[in-house]
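Single-letter residue listing:
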Amino acid sequence: MLTKFETKSNRVKGLSFHSKRPWILASLHSGVIQLWDYRMGTLIDRFDEHDGPVRGVHFHKSQPLFVSGGDDYKIKVWNYKLHRCLFTLLGHLDYIRTVQFHHEYPWIVSASDDQTIRIWNWQSRTCISVLTGHNHYVMCASFHPKEDLVVSASLDQTVRVWDIGALRKKTVSPADDILRLSQMNTDFFGGVDAVVKYVLEGHDRGVNWASFHPTLPLIVSGADDRQVKIWRMNDTKAWEVDTLRGHMNNVSCVLFHARQDIIVSNSEDKSIRVWDATKRTGLQTFRREHDRFWILSAHPEMNLLAAGHDSGMIVFKLERERPAFSISGDSLFYVKDRFLRVYEYSIQKDTQLIPIRRPGSNSLNQGPRTLSYSPTENAVLVCSDMDGGSYELYIVPKDSYGRGDTVQEAKRGSGGSALFVARNRFAVLERSSNQVLVKNLKNEIVKKSVLPLATDAIFYAGTGNLLCRAEDRVVLFDLQQRIVLGDLQTSFVRYVVWSQDMESVALLSKHSIVIADKKLAHRCTLHETIRVKSGAWDDNGVFIYTTLTHIKYCLPNGDNGIIKTLDVPVYITRIYGNTIFCLDRDGKNRPIIIDSTEYVFKLSLLQKRYDQVMSMIRNSELCGQAMIAYLQQKGFPQVALYFVKDERTRFNLALESGNIEKALESAKKIDEKDHWYRLGVEALRQGNAGIVEYAYQRTKNFERLSFHYLITGNLDKLSKMMKIAEVKNDVMGQFHDALYLGDVSERVKILENAGHLPLAYLTASVHGLHDTAERLAAELGDNVPSLLHGRKASLLIPPSPVLCAGDWPLLMVSKGIFEGGLDETGRDGHEDYEEAADADWGEALDIGEVDNLQNGDISMVLEEENVQEENEEGGWDLEDLDLPPETPKTATTARSSVFVTPTPGMPVSQIWVQKSSLAAEHAAAGNFDTAMRLLSRQLGLRNFSPLKSLFLDVHMGSHTYLRAFSSAPVISVAVERGWSESASPNVRGPPALVFSFSQLEEKLKAGYKATTAGKFSEALRHFLAILHTIPLIVVETRREVDEVKELIIIVREYVLGLQMELKRRELKDNPVRQQELAAYFTHCKLQTPHLRLALLNAMTVCYKAQNLSTAATFARRLLETNPTAENQAKLARQILQAAEKNMRDATQLNYDFRNPFVVCGATYIPIYRGQRDITCPYCSSHFVPSQQGQLCTVCDLAEVGSDASGLLCSPSQIR
């Protein structure tokens, strides 16, 4: 059984498949009706109006309707599109067992425990016939698929067949007189619309189910006597043919399979049984652990069945429908109806070759699964699941093409899968021993190879190679050398498809596709919600595949999309150009023509074949939002521009790709304020003064326009703006314009008109306009404001702009492939710019005749915005020069006459990176990621956060920055180490670095000093700074390299010791651990003065804790160093004397001074000689093995135990 879908729910009593959509209705014992999509595995809807169990449910064949009947005596007709019950049919007096729509007439048949069967007209919503005769519950009733018959089964131990021909005639021609008479008689005689044709007696108990054969005059029934009976009928009588025994409990449902010669039954014994309808023997049994089965349903069109049980339902198939096939050259070999056939693609001809024996055993799913063909030997291997996996080898006689009737004996063998691996050798998987047997055409074993992993299937992978599949991976195995060539983790692979050149492979799983190269290196993975069925490679290297519902494509980078929707699943075999050849489930070859434009276009874009992209844009109908979004996402807004008809989208794309001319075209057509504003912003960014001006004019944005004229130095237009402001009564705007122009008398006039006389007077008198000032003073009388004394007035004149009027000079570069090739205007390239250089952007505001206008009439000027205005922008000032005539050149296209930018030289920082493998020099060049990679490789560094500020210092310190003029960016100049004027300008030295070895020596002295003074935190900070700086040090000689390495060791000892001492001071309530840490501190390699202090410290701590013996060892070691301070020596002697009287320790310490040890940098416990330890690759501190892979606690940079090549800090190490 191939389970396609399973649900968990309350007990399922009724099931019905939709004839067209992948839907199934399940009615539950709880009263709910569920609508499932079995292909997607999702619950679409639930209908909950019945009171009590719903035992019957059925979809209408063509209308969006279904009918249900329940224990509430109601039949409900529902519309699933409207999600509601349309009406209820009332009439039955007890539980309703089944309901069914007629395939043609507007009828519903229902069976009920009230011992009747009713036929209803769902259009008139009336009961048109009641079939009485059963004398117990009627368990089911159904229409015959073709004839005017109804079959019913009842607990009265009979099956009845009813003739409803009269009812049909009445429906077709109700005007007939005799029929009208019979309708009158209905009340008296119970109606003659339906009469019992046969009563089938034979079951010993109540019959639960009866159903017609779809085409033959057969009936099958199942009953509480645990038997399934087959009945045959003719025009006059019906009789029992046979009984199928095997069920252990009541048979609840039974039906004929529409496509195969089998009967399927299920029972309360928790099993589904499949019977051979001709031999009448059991084929197979499927059991459930705890659930009784209640109902079966078959799909009206497809090879699907569904069964309902106590805790849900299953949708399943009995046999695989995928034909076994193999492609060789121009031919497809495949198995259909127990024949091997060949289909030649070039002539589209199908030929029968040889018969293939039918499976001997009578269980299901024994058909051929896979096929392998050897073209040179004309041999075919057919594999099936028979007897746990077996194969048959046929040699196709050369002369049998077209005859296909000669039966020949096949060579057989058992094995999981078999396939040709060479001309006359095939491999068979022997699962029990997990090895591959290589056999020759005589079926003799030539060689055995044990496989590298537990394999459950093998696939072809080129001559002599196999793909071995395990549960979660595939492995590429070479049979000759017996080695693994590649390994890839995937979900369970079902099919493998190689491209024709064997360079790429697609691994198809149930819901995913993995694409890899011939060495199984992963390229991309696709996930599908609907099951993947097949696939093939087209000539462009695009993988075309099918799911249950679609043909789709997958590009090499993993982009995918739909090509075509499918009605029925197909299996792709080969692709030629736009034709996909497939096999359908009936084994017919079908060529499908597809439109490959979309994926070929995307592929060309991906492979940067722009010429092809161009021609496709010109010639094809590729458009739509999806394609535009794709182009935008892939960074080609300029291409998307040519697909778009909608002006708003065009405008957005033009702005995104910086195509100001196209944006202007669209803005003119849209003509909305917001779009003009956005165009102005982009034009300003590009320095296209003409368009900025035009955009501001169109939005009547006078303030911005005035400011624009100010910064471009266009004073004439600025003075016109001032006049416009005056006409518009915009006092503030007028005043601003006067300020911008530096026009004092105008400012005074404006202030005076606005009534600000004191301000007007001040402005006039400061700027020396004495006549006006006197006139205003007279008007002001006593209120004349006084001027501030001792201040110097200066005239406000706006600075002259850097670039005066006109666009920013643009460097002319050759156009991109798309801008050049796609402009619809077919003009020569240089014309665009000639025009733009002195463009006036058409409709400027003509502000010429403002003077003689009255206040109200400015609107007139603003309306007539289409008057051309003389252009004041100088353009490029291209004058004609008297040049000698040109020497004739070879003809080139017009576009190549455009100036092409000179290629920039290599930046110094790039030269530094290429020449050096020292991390410091990469950091100086600003290449932090490569610097980090180098440090990771050389010193095993993992934590770079302490180095961040140092990296930035090194980078900033190796560059200096020069100011250019005000509108240009700052220029950075690389500073080189050891530069001299005599050096050649073309030879670049290494970068100057801010950190030097001498600085580190200074820091070391500072650290020593802080240690002596007992400032341990400060000392630790100094020593850690040294450890963090050393990776970014560069020295010249080998001797200095050794000194740097020595320095690391010295500093490491101090860092470890100080960390332990600081830890000891934190521990207040653990005297034992305090003593241990003090003891370990004395074993760090310190300078003698510091060692004495450490010993003194340890001695004191141990003495106080009554560990006299240990204190005495420290006292002896202290005296051995010949302490210079007398008080130290004196104290040591006193402790020795005290200890000699009582040589014992109060507490046991983890400390043995006789046995040499090093201290673990993380746990601070001794690692004695001979014990295993691991080290930090940078500072070489020792650690216990459990710290493997952790961050070193001493240097805080490297990963403990990782591999590293060692410190590189001098060019002399590399030479």
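Residues numbered from 1 in each chain as written. Predicted model: local features only at pLDDT ≥ 70, side-chain atom pairs only at ≥ 80, totals over all residues. Heavy atoms only, no water.

**Here we look at the overall build of the protein**
Piece 1. For the protein, the helix and strand inventory stands at 31 helices and 61 strands.
Piece 2. A buried classification covers 51% of the 1215 residues belonging to the protein.
Piece 3. In the form shown here, the protein has an accessible surface area of approximately 59200 Å², with 50% of it arising from carbon and sulfur atoms. (Helix = DSSP H or I, 4+ residues; strand = E, 2+ residues; numbered from the N terminus. Buried < 20%, exposed > 50% of the residue type's maximum accessible area, 1.4 Å probe, protein only. Areas by Shrake-Rupley, 256 points an atom, 1.4 Å probe, with all protein chains shown as cover.)

**Some details on the nonpolar core**
Proteins that are soluble and globular tend to have nonpolar side chains buried together.
Piece 1. Ranked by internal contacts, the top residues of the largest apolar core, which has 95 residues, are Leu941, Phe1023, Ile1030, Tyr1178 and Cys1195.
Piece 2. If one sorts the elements of this core by residue count, helix 26 (residues 1038–1066) sits on top with 10 residues.
Piece 3. Beyond its immediate chain neighbours, meaning those up to four positions away, Phe1023 contacts Leu1004, Gly1007, Tyr1008, Thr1011, Val1051, Tyr1054, Val1055 and Leu1058. (Core = buried A, V, L, I, M, F, W, Y, C linked by side-chain atoms within 4.5 Å. Contact = heavy atoms within 4.5 Å.)

**Focus on unusual backbone geometry**
Glycine aside, residues mostly have negative phi angles, and peptide bonds mostly take the trans form.
Piece 1. The phi torsion at Arg226 lies on the positive side, around 70 degrees, for a residue other than glycine.
Piece 2. Residue class for Arg226 comes out partly exposed when judged on its relative accessible area of 44%.

**Details of the sheet that holds strand 21 (residues 238–245)**
Piece 1. Here we have 4 strands laid out as an open sheet, ordered 18-19-20-21, and antiparallel in their pairing. With one partner strand each, in any of the chains shown, strand 18 (207–212) and strand 21 form the two edges of the open sheet. The average angle at which neighbouring strand axes cross in this sheet is 20 degrees, direction not considered. (Pairing = 2+ DSSP bridges. Axes fitted to C-alpha atoms, helices over the stretch in contact; angles between N-to-C directions.)

**Section: the side chain of Gln1074**
Piece 1. Here Gln1074 is to be found in helix 27 (residues 1071–1081).
Piece 2. In this structure Gln1074 comes out as buried when scored by relative accessible area, which is 18%.

**Overview of the pattern of salt bridges**
Piece 1. Under the defined criterion, the tally for this structure stands at 42 salt bridges.
Piece 2. One salt bridge in this structure joins Glu301 and Lys20, with 3.9 Å as the shortest N-O distance. Note that Glu301 is positioned in the loop between strand 26 (293–298) and strand 27 (305–309) and Lys20 in the loop between strand 2 (12–17) and strand 3 (23–28), a separation of 281 residues in sequence.
Piece 3. A relative accessible area of 39% places Glu301 in the partly exposed class.
Piece 4. What makes Lys20 exposed here is its relative accessible area of 62%.
Piece 5. It is possible to trace a salt-bridge network through shared partners that takes in Glu6, Lys8, Arg288 and Asp291. (Salt bridge = Lys/Arg side-chain N within 4 Å of Asp/Glu carboxyl O.)

**Some thoughts on helix 16 (residues 770–780)**
Piece 1. Here helix 16 has its buried residues at Ala773, Leu776 and Leu780. Take helix 16 and look down its axis: the buried residues cluster within an arc of 70 degrees, on one side only. Turned more than 90 degrees from where helix 16 packs its buried face, Asp771, Glu774 and Ala778 sit exposed.
Piece 2. Turning to helix 16, the residues buried within the fold contact helix 14 (744–753) and helix 15 (757–766).
Piece 3. Backbone geometry just downstream of helix 16 places Gly781 in the positive-phi region, at approximately 65 degrees. (Arc of directions from axis to C-beta.)

**Details of the pairing of strand 35 (residues 390–395)**
Piece 1. Counting buried residues in strand 35 gives 5 out of 6 residues, a clear majority hidden from the surface.
Piece 2. Summarising the sheet, strand 34 (residues 379–384) and strand 35 pair through 6 bridges and their orientation is antiparallel. Pairing of Val382 across the sheet is with Glu392, part of strand 35.
Piece 3. Between strand 34 and strand 35, which pair antiparallel in sequence order, lie 5 residues; one of them, Asp387, sits at a positive phi of approximately 50 degrees.

**Description of the confidence of the model for the protein**
It should be kept in mind that the predicted coordinates are not to be read in detail where pLDDT is low.
Piece 1. On average, residues of the protein score 83 in pLDDT, and 88% of them are at 70 or above.
Piece 2. Ignoring residues within four places in sequence, the model shows residues 824–897, a span with pLDDT below 50, making 75 contacts including any to other chains. (pLDDT = per-residue confidence, 0-100.)

**Quick word on the sheet that holds strand 10 (residues 96–101)**
Piece 1. Taken together, 4 strands build an open sheet; the order of strands is 10-11-12-13 and the sheet is antiparallel. Looking at which strands have only one partner, the edges of the open sheet turn out to be strand 10 and strand 13 (126–132). With direction set aside, neighbouring strand axes in the sheet form an average angle of 20 degrees.
Piece 2. As paired strands, strand 11 (residues 107–112) and strand 12 (residues 116–121) are joined by 5 bridges and run antiparallel to one another. When the bridges of strand 12 are listed, Trp107 appears paired with Asn121.

**Observations regarding the packing of helix 12 (residues 715–727) against helix 13 (residues 731–741)**
Piece 1. Running from N to C, helix 12 and helix 13 cross one another at 155 degrees; their axes reach a closest spacing of 8 Å. Comparing the axis directions of helix 12 and helix 13 gives the class roughly antiparallel. The two elements helix 12 and helix 13 meet at a crossing, and its hand is left-handed. Contact residues: helix 12 offers Leu715, Leu718, Ser719, Met721, Met722, Ala725 and Glu726, while helix 13 offers Gly733, Gln734, Asp737, Ala738, Tyr740 and Leu741. (Parallel < 35°, antiparallel > 145°, perpendicular 65-115°, else oblique. Left-handed = near helix turned anticlockwise from the far one by under 90°.)

**Comments concerning the UniProt feature "repeat: WD" (unreviewed entry) in the protein**
Piece 1. Here the UniProt feature "repeat: WD" (unreviewed entry) sits at residues 47–88, 89–130, 131–164, 200–241 and 244–285.
Piece 2. End-to-end, the C-alpha atoms of residues 131–164 are 10 Å apart, and along that stretch the chain is 0% helix and 59% strand. (UniProt positions renumbered as here; feature names shortened; annotations may be inferred.)

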